[in-house]
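Below, each chain spelled out in residue letters.
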Amino acid sequence: MRALRYLYRRLQALWRSEDIHSEIAEELSFHIALRTEDNIRRGMTPEKARREAERRFGRLSAIKEEGYDVRGGRWLETTWQDLRYSARMLARGRWSTLITILSLALGIGVNAAIVTAYKAFFVRPLDARNAGEMVNIAVVRNSGLRDYTFSHSDYEAYRDSVSAFSGLVTYRPMQVRLSNAGEMISQRAAHEQSAMARLGLLTTTASNAEFAHVFVVSENYFSVLGASVLQGRTFEAANTAGAGSPAPVLISENYRQRRFAGDPAIVGKTVHLNGVAVTIIGVTPRDFVGTGVSTPAFWLPVSIEPLINGDSRWLLSRENRPYRLFGRLAPGGSIEQARTQIVSVADRLWNQNDSKAESNTPATRPATALVWPGSPFPLPLRDLLGVDLAVGLVMFGAAMLLAVACANVGSLRLAVARSREVELRTRLSLGATRARVVRQLLTENALVGLAAGGLALLLSWALLKVVVRAIADALPVQYGTLVFDVSPNLAIFAYVLLISLIAGLLSGLSPALQSPRSALTSTGRASTTSVRTRRLQGVLVGVQVALSLVLLITGSLFVRGAINSLAMETGYESKQVVQLNFQFPRDPKYSEDRRVAVANKLRLRMAALPGVSVLTSARPPGIAFRTAAVPVDERRQTAGTGQSILHYTYVQASYFETLGIPLIRGRGFEGETGAGQFVVLSESAARRIFVNENPLGRNIRLGLVDERPHPNRELVAVGTTYQVAGIVRDTRGWSFDRSASEQIYLPLATGRIAHHPLLIRVQSDPLSIIRSAERAVASIDPEVIVTSSTLEDALRQSTPFIVSTLAAAISSSIGMLGLMLTLIGIFGTVSHVVALRTREVGIRMAIGAQKQDVLRLILHEITRPVVAGLIAGMALAAGVVYVLRGMLYGIKFVDGSYFVVMSLLFLIVALLAAYPPARRAMKVDPVVALRSE
Amino acid sequence: MARRKPDLPQGTLDMLVLKALSLGPMHGYGIGQRIGQLAENMLTVEEGTLYPALYRIEEHGWIESEWSTSENNRRARFYNLTRAGRKQLQVEESNWAYLSLAVRKILKAS
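Given the structure is predicted, the values throughout are model-derived calculations rather than measurements. (Residues numbered from 1 in each chain as written. Chains lettered and ligands numbered in written order. Predicted model: local features only at pLDDT ≥ 70, side-chain atom pairs only at ≥ 80, totals over all residues. Heavy atoms only, no water.)

Moving on to the overall build of chain B. Counting its secondary structure elements, chain B contains four helices and three strands. Secondary structure elements of chain B, listed N to C terminal, follow the sequence α-β-α-α-β-β-α. Relative to its 110 residues, chain B shows a buried fraction of 43%. When contacts within chain B are restricted to residue pairs at least 6 apart in sequence, long-range pairs at least 24 apart make up 50% of them. Carbon and sulfur atoms make up 55% of the accessible area of chain B, which amounts to about 7,000 Å² in all. (Helix = DSSP H or I, 4+ residues; strand = E, 2+ residues; numbered from the N terminus. Buried < 20%, exposed > 50% of the residue type's maximum accessible area, 1.4 Å probe, protein only. Contact = heavy atoms within 4.5 Å. Areas by Shrake-Rupley, 256 points an atom, 1.4 Å probe, with all protein chains shown as cover.)

Here it is in C-alpha cells:
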C-alpha cells in the first residue's frame, strides 16, 4: 500500500508540482500567521511579532523543500537533472556510446524483426472488416482426423442451420487455364524472370497454356467479409444462376496491373477460364486477400463450378469437398455455441449420408468441432506440424543474440565506468548519496537502451518493408501477390520498449553496482582496477564468446544440412530424368479411351526423340501414399503377425531402368501384361515385412491401394494378395526419417497410363527435351495442358528442402551477427584495457620490459576469458545440437573434432580482433605514459 | 533564570505527534500547541523540527492530511491519525515504557 501511495504521489506531482509548492507555502504561512497573532496578544508589536514567528522556523526554505520532496515533487527535477547529465556524459564518450547503441540495436532489432515477421505471417487475421468476429471451422472425427474441407451441400446445411453465425462463406483456391485474354504474355518468360525462379525455388515448367490462380467463393463472400470493390460490383445471388450470359467474376487490382497493364475499361471485358466464358464485373482493392494470403487473379462464384469442371452435377456430389468454411459470429453468438451447433449438424449429415456408405465405421463419425479465431491457415497453428518448434527455435536464437549484445554492452560499460572512477569519487565526496549516483548511472543505461530500441524499431521496420516489397513481386504473375502487414502495432512497440529498457539496464547494471563501491574504497590516484571488476569483465567476455560459438556452430550445421539435402544421394537419377505431366481439359469429349490414346501417342512421340533413352509412366519418387502390408504364409493362407505401414506406388516394368534403380534379386515386371499379381519390394521394405527370410516368391496382402490419402487408422491389410517378384535398391525419400525408402512397387495397368505422368530418361540436355515435349503435345492435341521439369528441380521444391534452406539462412545470419558482436566487444574491451593500463605499461617498459612482453601481457588478459568461453560454448553447443538432431538434414552424428576446429577458428579470429588495440599498447612511450594522469 | 529546556530525543517527537493527533484532527500549529499544553509547558516543539516530522510521518502513512477550515474560518491543512498510525502509536508507547524502565534501573544503581 505504501508503495502505491508513493507511486501515486510521484505521478500526481507530474502535473501538480506548482500546486504542491503553493500548498506547502500556504500551510506554513498559516502557521506563521497564528503565531504572529499569539505574539501580538502577548504584547509584541506587529512587526516584531511577525519576525519572531518567522525566526522560530529557522530554515524556512529548507523546510519547504523537504515538504515538497516528501509530497512527491522532487523526483521530477532530479530525474531531469539525471537525464541531462547522462546525455552529456554519453556524448563525451562518443565512440563507445555509438558502439554500445549499435550493438544493442542489433540485438533488439533482430528480436523485433522476428516478432513482427511472426505476427505478420502466422498470427494474421483474415482480411475482413471487424476481423475479430470471424472464425475458422473444422470437424474432428472419432478417429482424430480433422476435416477442414467440406462439400457444397454440407456448406449449405451449415449455413442454414447454425444460428450462431450471421454469415458463412466458402472459399477454395484453384488454378485455371486462362485464354482469350488478349495478348498472352509468355508465362515462361515472366516465370523465369521472377525472383523465386532465379533462386531455383520454382520448377522450370514448359507449358503451352497460360494459368491463373483464382479463388472460388460463395456469393455472399464479399458482404459477409465486409469488403468493398474499387470498381463495378460484387456477386448478387440472383444474377449468378444465369446460364445464358457469361458467368460473372471479379478481378483483383494487383492482377489487373500486372497482367492487363491497369486497363481502366476492364469491367465488362470477357475472358475464358478453362474454356468457359466469363465477364469481369468488378475490381477488388489492391492487396485484398480475403481469406487467403495472396491476391488471386480472379474471384469466381461457386455457381461456376459445374461449368469449369465440365460436370453439371459437380456441386451436388458429396464426393467433391474442397471448400473451406469461414463464419462471422452473430452479435451475441459465441464460439461455444457455434461449436455445439456445428457438431449437431455434422452428426445429422453423417446419419443421412455417410452412415449408409460402405466405408462407414464409427471412426468416421463426428466427435467434436474446432472453431477458432479467423486465420488463413487451415488448422490452428498448434496443429501445424513443426511451426511451433521452428518459431521457438528462431526466437531462442534471437534471444541468445540479444544476450550476446547485452554482455557486449556490459563489458563496454564496465570499461567506461572504470575510466570514470575519478568523477564518481568526486561526486560522492561532494555529498551525493550512493543511491543517487547509482540512479544516475541507471538513467544513463536506460537512455542508451531506449535509444537503441528506437533505432532497432526503425531499422527493423524499414528492413521488413523492403523484404515484403521484394517478396510481393517474387512470385510469378499467375500465383498472385503475397501480402504481409509488417507495420508494428502497439503490442510490438510495447514489447520492444520493454526489452530495450531491460537490456539497457541489465547491461549497465554491473558497472553501476560495482563502481561506487570501488570508488569509495580506493584512495588517491587512479590505479589499475580491482580484481573483482576485472573478473566481472572477463565473465562478460566469456559469456559473449560462449553464446556466439553456439550460434555459429548451430548456424554452420544448418548450412551443412542444407548443402547435404541438395547433394544427397537419392538412389535414383534425378538430373537426367524429365517428368512430363499432362492434363486433359474437363470436357466430356475426353473419354477414358481417348485419353489413353493420346497418352500412347505421346509416349511414342517422346520415345522417338533424339537423346531419349527410355521412358515410363509413373509418378515420380516422393509422391507417396501409404498402405498396410502383411506377409502371408502360402501354405496356410493366413496373415503373418503384425502389419507394417509402407509406401506404395504404381509403376511399369521400365520404371527401374528409367530411374536407374538397380535390381538386386529376382526380377522386375518383365513379361507381364496388364496388371499382374506380382510386386517388387525395396530392400528396406523387404526387411520390414519378412525380416530375415527370403522374400522372393512369398505372398503379401495389402490394404487400400486406391492412390488416395487415408489416415493410418483406415489402413488395414485386408485387400488383395500379391507375390513378391524381386527386390530393388532403396531410394532415399524426402522425409527426415527413413520410412520413405520402404517402397512397394505395384504394376501399373496399361489402361491407367493416362492418369500418370511420363518419366523420360535423357542423354542430352533435359531442357531441350522439355521444349520438344511442348511441340510434340501441341501437334498431337493442342488442348492438352502439359507441364514438365527435371526431377532434380522438383526435389528443390519439396518442403524439407525449403525448410532446411530457410533454417540455414536464418541461423547462419544470426550466427554471423553474434560473431560480429563478439568481435566488436573484444575489440572495445581490449582498447579500454589498454587505455587504462597505459601507466602500468609505461612503468614496465621503463624497468626493462620488451614490446613482446607488453603484447603478451595485454593479450593474456583477454585470452583467458575467451578460452573459458569457448570451452563452455562447446559444451552448450553439444547440447543444442543433440536437441536439434532431428532437424539437421543428413547429419546424424557430429563428431567432437568439428567443434574443436570451430573453436580454434574462433580463437584465432578473436585474437586478431584484439591485436590492433594491443599493438597500441606496444607503441606507448614510457616517458609519456608515466607523466600522463 | 529559567533552565534551558532539554532537547527532545530524535524520534520521540514522532510519538508525541501521533499521541497528540490521537485526541483528534488538528493543523500543524495546533499540534505544537497541544503538545505543549499536554506537557504542561515542560516541553515546547520547535517549528523547525515539527514540520519535517509531520511530513516524514505522513510519508510513512501513519497520518494523513487534507484541507479544511480552522476555528477562525481560515483555510488550513488538518492532519489526522490513520489506523496504521494508531497501531504505530501503541508500538512506540510500549517501546518507550520499556526503555525508560530500563534506563531508570541503570541510573538507580549506585
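Let us now look at the overall build of chain A. Scanning chain A for helices and strands turns up 27 helices and 25 strands. Split into buried and exposed, the 933 residues of chain A put 50% on the buried side. Within chain A, counting contacts between residues at least 6 apart in sequence, those at least 24 apart form 82% of the total. Looking at chain A as shown, the accessible area adds up to about 43,600 Å², and 60% of this sits on carbon and sulfur atoms.

Across all of its chains, the model carries 29 salt bridges over all chains by this definition. Ionic pairing is found between Arg50 of chain A and Glu54 of chain A, a salt bridge with its closest N-O pair at 3.3 Å. With a gap of four residues between them, Arg50 of chain A and Glu54 of chain A both fall in helix α2 (residues 46-57), about one helical turn apart. Overall, Glu54 of chain A belongs to the partly exposed group, its relative accessible area being 34%. Here Arg439 of chain A makes a salt bridge to Asp82 of chain A, at a shortest N to O gap of 3.8 Å. With Arg439 of chain A in helix α15 (residues 434-472) and Asp82 of chain A in helix α4 (residues 74-92), this residue pair connects regions lying 357 residues apart in the sequence. Residue Asp82 of chain A is classed as buried on the basis of its relative accessible area of 3%. A single salt-bridge network, built from bridges that share partners, covers Arg35, Glu52, Arg55 and Arg56 of chain A together with Glu47 of chain B. (Salt bridge = Lys/Arg side-chain N within 4 Å of Asp/Glu carboxyl O.)

What follows is about unusual backbone geometry. The phi dihedral of Asn274 of chain A is positive, around 50°, even though this residue is not glycine. Mapping Asn274 of chain A onto the fold places it in the loop between β7 (270-273) and β8 (276-284). Here the phi dihedral of Asn41 of chain B falls at roughly 65°; this positive angle occurs in a residue that is not glycine. Within the secondary structure, Asn41 of chain B sits in the loop between α2 (28-38) and α3 (47-60).

Here we come to the interface of chain B and chain A. Counting from both sides, the interface comprises 24 residues of chain B and, opposite them, 24 residues of chain A. Interface of chain B and chain A: buried area, both sides summed, is about 2,400 Å²; carbon and sulfur atoms make up 49% of it. Looking at the side of chain B facing chain A, the largest losses of area belong to Tyr29, Tyr55 and Glu59 of chain B, adding up to 31% of the total buried there. Counting the contacts that link chain B with chain A gives five salt bridges. One salt bridge connects Arg56 of chain A with Glu47 of chain B, and the closest N-O pair in it is separated by 3.2 Å. Taken together, chain B and chain A are joined by 10 residue pairs in polar contact (both at pLDDT 80 or more). (Buried area = accessible area lost by both parts, 1.4 Å probe. Polar contact = N/O pair within 3.5 Å; in protein donor to acceptor, adjacent residues only side chain to side chain.)

In this section: a nonpolar patch on the surface. Residues and elements named next belong to chain A. Taken together, the side chains of Trp95, Leu98, Leu102, Leu455 and Leu459 define a hydrophobic patch exposed on the protein surface, amounting to about 540 Å² of accessible area. Sorting the residues of the nonpolar patch by element identifies α5 (94-121) and α15 as the ones contributing at least two each. In terms of residue count, the dominant contributor to the nonpolar patch is α5 (three residues). Position of Leu102 among the secondary structure elements: in helix α5. (Patch = residues over 30% accessible without salt bridge, like charges linked within 9 Å, V, L, I, M, F, W, Y side chains within 5 Å.)

Now for the sheet that holds strand β25 (residues 785-790) of chain A. Residues and elements named next belong to chain A. Ordered in space as β15-β24-β14-β25, the four strands form an open sheet in which the pairing is antiparallel. In this open sheet, the two strands that pair with only one neighbour each are β15 (612-617) and β25. In this sheet, adjacent strand axes meet at a mean angle of 20° when their direction is disregarded. As judged from the four bridges shared by strand β14 (residues 577-583) and strand β24 (residues 758-762), these two strands associate in the antiparallel manner. In the sheet register, Val578 faces β24, and the bridge partner there is Ile760. Lying over the sheet, helix α18 (residues 592-608) contacts β14, β15 and β24, oriented at roughly 160° with respect to β15. Its contacts with the sheet put helix α21 (residues 766-780) on β14, β15, β24 and β25, and the angle it makes with β25 is roughly 170°. (Pairing = 2+ DSSP bridges. Axes fitted to C-alpha atoms, helices over the stretch in contact; angles between N-to-C directions.)

Another point: the nonpolar core. Across soluble globular proteins, you tend to see nonpolar side chains buried next to one another. Residues and elements named next belong to chain A. Judged by nonpolar contacts, the single largest core of 46 residues is most densely connected at Ile553, Ile826, Ile862, Val866 and Phe906. At the level of secondary structure, the elements contributing two or more residues to this core comprise α5, α13 (387-419), α17 (531-567), α23 (799-836), α24 (838-846), α25 (851-884) and α26 (896-922). Examining the composition of this core, we find that 11 residues originate from one element, α26, more than from any other. Not counting the four nearest positions on each side in its chain, Val866 is found in contact with Val541, Val545, Ile826, Leu907 and Ala910. (Core = buried A, V, L, I, M, F, W, Y, C linked by side-chain atoms within 4.5 Å.)

Looking now at the packing of aromatic side chains. By the definition in use, this model includes 24 aromatic pairs over all chains. Seen from their ring centres, Tyr655 of chain A and Tyr745 of chain A are 5.7 Å apart, and the 45° between their planes marks the pair as tilted. Of the two residues, Tyr655 of chain A sits in helix α19 (residues 655-659) while Tyr745 of chain A sits in strand β23 (residues 743-747), which places them 90 residues apart along the sequence. By the burial criterion, Tyr655 of chain A is buried, and Tyr745 of chain A matches it. Pairing Tyr51 of chain B with Tyr55 of chain B gives two aromatic rings, centres 6.2 Å apart and planes at 50°, and the pair type is tilted. With Tyr51 of chain B and Tyr55 of chain B both in helix α3 and four residues apart, this pair spans about one turn of that helix. Tyr55 of chain B shares its class with Tyr51 of chain B; the two are buried. Put simply, the rings of Tyr171, Phe215, Tyr221, Phe222, Phe235, Phe288, Trp299 and Phe326 of chain A touch in pairs and so form one group of aromatic residues. Stacked on the ring of Phe678 of chain A, the Lys or Arg Arg667 of chain A has its end atom at 4.9 Å from the ring centre. Here the basic side chain of Arg75 of chain B rests over the ring of Trp67 of chain B, its NZ or CZ set 4.0 Å away from the ring centre. (Phe/Tyr/Trp six-rings, centres within 6.5 Å; stacked < 30°, edge-to-face > 60°. Lys NZ or Arg CZ within 6 Å of the ring centre and 35° of its normal.)

Residue and element names in this part refer to chain A. Along the chain, Asn39 turns up in helix α1 (residues 2-42). Within polar-contact distance, the side chain of Asn39 engages the backbone oxygen of Ala49 at 3.1 Å. Apart from the residues within four sequence positions on either side, Asn39 is in contact with Met44, Ala49, Glu52 and Ala53.

Time to look at the confidence of the model for chain A. A residue-level look at chain A finds 84% of positions with pLDDT of 70 or above and a mean pLDDT of 80. Across residues 522-528 of chain A the pLDDT falls below 50, and counting only partners more than four positions away or on other chains, this stretch makes seven contacts in the model. (pLDDT = per-residue confidence, 0-100.)

Those residues of α24 of chain A that fall on the buried side of the exposure criterion are Glu840, Val841, Gly842 and Met845 of chain A. Just downstream of α24 of chain A lies Gly848 of chain A, where phi reads positive at about 115°.

Right, let's talk about the packing of α5 of chain A against α13 of chain A for a bit. For any two helices packed against each other, one specifies the crossing angle of their axes together with the interaxial distance. All names here are of chain A. For the pair α5 and α13, interaxial distance at closest approach is 9 Å and the crossing angle is 165°. What the angle tells us is that α5 and α13 run roughly antiparallel. Relative to α13, the crossing made by α5 is left-handed. Residues of the contact of α5 with α13, tallied by class, amount to 19 nonpolar, six polar and one charged. (Parallel < 35°, antiparallel > 145°, perpendicular 65-115°, else oblique. Left-handed = near helix turned anticlockwise from the far one by under 90°. Nonpolar A, V, L, I, M, F, W, Y, C, P; charged D, E, K, R; others polar.)

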